[in-house]
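Okay, here's what each chain looks like letter by letter:
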Amino acid sequence: MKLKFDRKARGWNSARYAALLGRVVVGTGLLAVSVLATTASSALAAPAVINTPGELTSVAQASPGRIAASDGFGELLGVFCTSAANCWAVGDHNDGTVGLNEILHLTGQKWRPVSVPSPGGTAKGASSELTAVRCTSAKDCWAVGAYKTVGAGFANQALHWNGKSWKAVPVPSPGGKGRTGLNFLLDVSCVAADNCWSVGEFATFTSSSEITQNLVLHWTGKKWFKTSVPEPAGTKDGRGNELTSVRCASASDCWAAGQDGTAAGILAAARPAASSKVKSFFVNEMLHWNGQKWTNTQVPNPGGTKNGSTSVVNGLSCTAPADCWAAGSFGSFNDSHFVNEVLHWTGRKWFKASVPNPAGTGANANNQLNAIFCVAAGNCWAAGTDGIALGGDPSFGEMLHWNGAKWSPSAVPNPAGTGPNSTTRLHSIRCVSAANCWAVGSEQPSDGNAAEFILHWNGRKWLMVS
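None of the values given here were measured: they were computed from a predicted structure.

With that settled, consider the overall build of the chain. Of regular secondary structure, the chain possesses four helices and 29 strands. Counting the 466 residues in the chain, one finds 60% classified as buried. Taking the intrachain contacts of the chain between residues at least 6 apart in sequence as the baseline, contacts between residues at least 24 apart amount to 58%. Counting only carbon and sulfur atoms, one obtains 52% of the accessible surface of the chain, whose full area is about 16500 Å².

Right, here's the structure in full:
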């Protein structure tokens with residue numbers, strides 16, 4: 001029986017680390033590294049699902065940036081809108097030899113690709129990837145991610161839109177830019193043109209030490225600075241800290257979320273004997289900015305702390321200082337079981353909310369939420385993928401809706417189809433109004449490579465932009 005896991009989850013993924021370390025890493029979040037120590041003999045791939053695919057209705061609109069299966073693969077990981085007629089979607093595309101940044105622009109009615117730098121270059125083996133985008137106005141946007149030049153590790157990248165063109169801006173890479181360096185920005189949020197935050201992870205891997213730390217960068221109008229933040233899991237060998245999302249309700253009220261814990265797999269390559277004695281588990285992480293410093297905040301951890309358990313927050317959204325939502329997943333690699341996780345901040349405490357799990361909650365169930373966005377206190381969307389973590393089954397995008405009283409599933413198109421191992425994933429969502437939302441992701445049919453896609457909510461149903 002072959003297990004299957006999402007290689008393009010927001011956390012640690014095989015594309016990022018295989019290229020960096022020359023070894024396969026799979027799974028969701030930091031716990032992926034620990035899987036190496038306990039399931040090295042398993043063939044791991046993308047997740048499958050069992051829910052019924054949503055209605056596939058297409059909007060008659062060309063998407064020039066879409067990468068055909070025969071041309072390599074592409075994905076969209078972030079989306080943001082400043083108005084109904086001005087939205088950006090970011091990601092990457094790869095022709096099989098080099099990965100390049102991808103940015104699409106909605107101007108009125110159509111999405112079009114725009115020229116964008118790729119700091120990794122165009123040599124065979126180079127890679128550039130954008131994970132998130134955020135704007136303070138139509139003439140002030142940031143897109144963040146990472147890049148890798150040939151023979152080097154991953155370095156952070158930040159691109160800025162000034163209303164005319166995208167340009168690379170210097171940004172710290174505390175993990176170093178050498179072959180074993182790792183730096184990756186996963187999200188960005190702006191309070192004003194001179195006040196933006198970007199979060200992710202960084203590490204330097206050596207023959208005797210592998211430690212991953214939280215990364216928080218601050219834009220003050222002239223320069224990006226690395227900011228001091230807590231490392232809840234500590235900084236000993238085998239410890240991992242990762243921030244996947246950041247959102248601000250005001251200049252003195254920001255949240256950064258992800259996961260932290262201990263992974264035996266981090267130590268396996270350097271010290272196998274030591275790794276065999278380490279319990280592997282990861283818990284939700286939530287940091288808060290009060291205008292002066294970042295502090296660790298208590299948050300529910302439904303996945304527990306048993307060996308092989310994991311909880312991760314992948315997305316955040318706030319409508320007010322006392323109304324924030326977090327979305328992710330929790331479960332255990334021991335029985336390949338993952339369920340949706342939604343947390344709610346009401347001003348004094350984070351609470352675990354009740355949410356549906358379209359793939360069920362038994363062994364091999366795989367429900368993952370990657371993003372969340374609230375139009376208003378009583379109108380939120382959470383997006384991801386769900387299914388059964390076994391080989392052969394198709395997977396479908398997952399969309400949940402909050403109406404102010406409860407979370408319910410919402411049908412979405414399934415562009416990857418229903419063939420064996422076909423996979424549809426939703427990575428990001430943004431709404432301009434209650435009747436105008438965009439969601440982006442990637443789809444991989446059973447007979448082709450991954451391609452990017454865009455969905456649109458018109459107030460009644462989700463339509464595919466084809």
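Our next topic: the sheet that holds strand β7 (residues 140-148). Sheet architecture is open: four strands sit in the order β6-β7-β8-β9, paired in antiparallel fashion. Since the sheet does not close on itself, it has two edges, and those belong to β6 (127-137) and β9 (166-169), each with one partner. The sheet shows a mean angle of 25° between the axes of neighbouring strands, taken without regard to direction. As paired strands, strand β8 (residues 154-161) and β9 are joined by four bridges and run antiparallel to one another. Across the sheet, the residue bridging to Leu159 is Ala168, located in β9.

This part is about the pattern of salt bridges. With the rule as written, the count across this model stands at one salt bridge. Across the pair Asp187 and Arg247 runs a salt bridge whose closest N-O atoms are separated by 2.9 Å. Of this pair, Asp187 sits in strand β10 (residues 181-192) while Arg247 sits in strand β14 (residues 239-250); the two residues are 60 residues apart in sequence, bridging distant segments of the chain. Arg247 gets classed as buried once you look at its relative accessible area, which sits at 19%.

Before going further, it helps to spend a moment on the side chain of Asn156. On the secondary structure map, Asn156 appears in strand β8. A distance of 3.1 Å separates a polar atom in the side chain of Asn156 from the backbone nitrogen of Phe184. With residues up to four places along the chain from it excluded, the contact list for Asn156 reads Gly145, Ala146, Tyr147, Val171, Pro172, Ser173, Pro174, Asn183, Phe184, Leu185, Leu215 and Leu217.

On to the state of the cysteines, then. Cysteine pairs can be linked by a disulfide, which is a covalent bond between their two sulfur atoms. Inspection of every chain in the model, using the stated rule, returns seven disulfides. Between the sulfur atoms of Cys135 and its disulfide partner Cys141 the distance amounts to 2.1 Å. Note on the Cys135 and Cys141 pair: the S-S dihedral is about 105°, so by sign convention the disulfide is right-handed. Judged by relative accessible area, Cys141 falls into the buried class, the value being 0%. Disulfide partner of Cys248: Cys254, at an S-S distance of 2.1 Å. Taking the torsion about the sulfur-sulfur bond, which here is approximately 105°, the covalent link between Cys248 and Cys254 counts as right-handed. When sorted by exposure, Cys248 lands in the same class as Cys254, which is buried.

In low-pLDDT segments, the atomic positions of the prediction should not be examined closely. Scored by pLDDT, the chain comes out at a mean of 82, with 80% of its residues at no less than 70. This stretch, residues 1-70, has a pLDDT under 50; its non-local contacts, to residues over four places away or in other chains, come to 231 contacts. Residue range residues 266-270 is modelled with pLDDT below 50. Its contacts to residues more than four positions away, or to other chains, number 15 contacts.

As a further point, take the side chain of Thr262. Along the chain, Thr262 falls in strand β15 (residues 253-262). On the basis of relative accessible area, Thr262 is assigned to the buried category, the value being 14%. Polar side-chain contacts of Thr262 include one of 3.3 Å to the side chain of Arg239.

In the structure shown here, the tally under the stated rule is 21 aromatic pairs. On the basis of an interplanar angle of 40° and a centroid distance of 5.8 Å, the ring pair of Trp161 and Trp166 is categorised as tilted. Judged by its relative accessible area of 5%, Trp166 is buried. Among the aromatic residues, those joined into a ring-pair cluster are Trp88, Trp161 and Trp166.

Strand order in the open sheet made by the four strands is β2-β3-β4-β5, with antiparallel pairing throughout. With one partner strand each, in any of the chains shown, β2 (73-83) and β5 (110-113) form the two edges of the open sheet. This sheet shows a mean twist of 20° between the axes of neighbouring strands, independent of strand direction. Pairing geometry for strand β4 (residues 99-107) and β5, over four bridges, is antiparallel. Directly across from His105, in β5, lies its bridge partner Arg112.

Attention now moves to unusual backbone geometry. Look at Asn364: it is not a glycine, yet its phi comes out positive at around 75°. With respect to the helices and strands, Asn364 occurs in the loop between β21 (350-352) and β22 (365-376).

Across the nine residues of strand β20 (residues 337-345), nine count as buried, placing the element largely inside the fold. Inspection of the sheet shows strand β19 (residues 323-332) paired to β20 by nine bridges, in the antiparallel sense. Note that in β20 the partner of Gly331 across the bridge is Phe338. Taking the residues between adjacent antiparallel strands as the criterion, β19 and β20 are bridged by four residues, where Ser336 takes a positive phi near 55°. Hairpin geometry of β20 and β21 is characterised by an intervening segment of four residues between the two adjacent antiparallel strands and by a positive phi of about 110° at Gly347.

Okay, the nonpolar core next. Counting 16 residues, the largest nonpolar core has Trp381, Met399, Leu426, Ile429, Ala439, Leu455 and Trp462 as its most contacted members. Formed by 14 residues, the second largest nonpolar core is a distinct cluster that contains Val144, Leu185, Val188 and Trp224.

Reading guide: rules and limits
- Residues numbered from 1 in each chain as written.
- Predicted model: local features only at pLDDT ≥ 70, side-chain atom pairs only at ≥ 80, totals over all residues.
- Heavy atoms only, no water.
- Helix = DSSP H or I, 4+ residues; strand = E, 2+ residues; numbered from the N terminus.
- Buried < 20%, exposed > 50% of the residue type's maximum accessible area, 1.4 Å probe, protein only.
- Contact = heavy atoms within 4.5 Å.
- Areas by Shrake-Rupley, 256 points an atom, 1.4 Å probe, with all protein chains shown as cover.
- Pairing = 2+ DSSP bridges.
- Axes fitted to C-alpha atoms, helices over the stretch in contact; angles between N-to-C directions.
- Salt bridge = Lys/Arg side-chain N within 4 Å of Asp/Glu carboxyl O.
- Polar contact = N/O pair within 3.5 Å; in protein donor to acceptor, adjacent residues only side chain to side chain.
- Disulfide = S-S within 2.5 Å.
- pLDDT = per-residue confidence, 0-100.
- Phe/Tyr/Trp six-rings, centres within 6.5 Å; stacked < 30°, edge-to-face > 60°.
- Core = buried A, V, L, I, M, F, W, Y, C linked by side-chain atoms within 4.5 Å.

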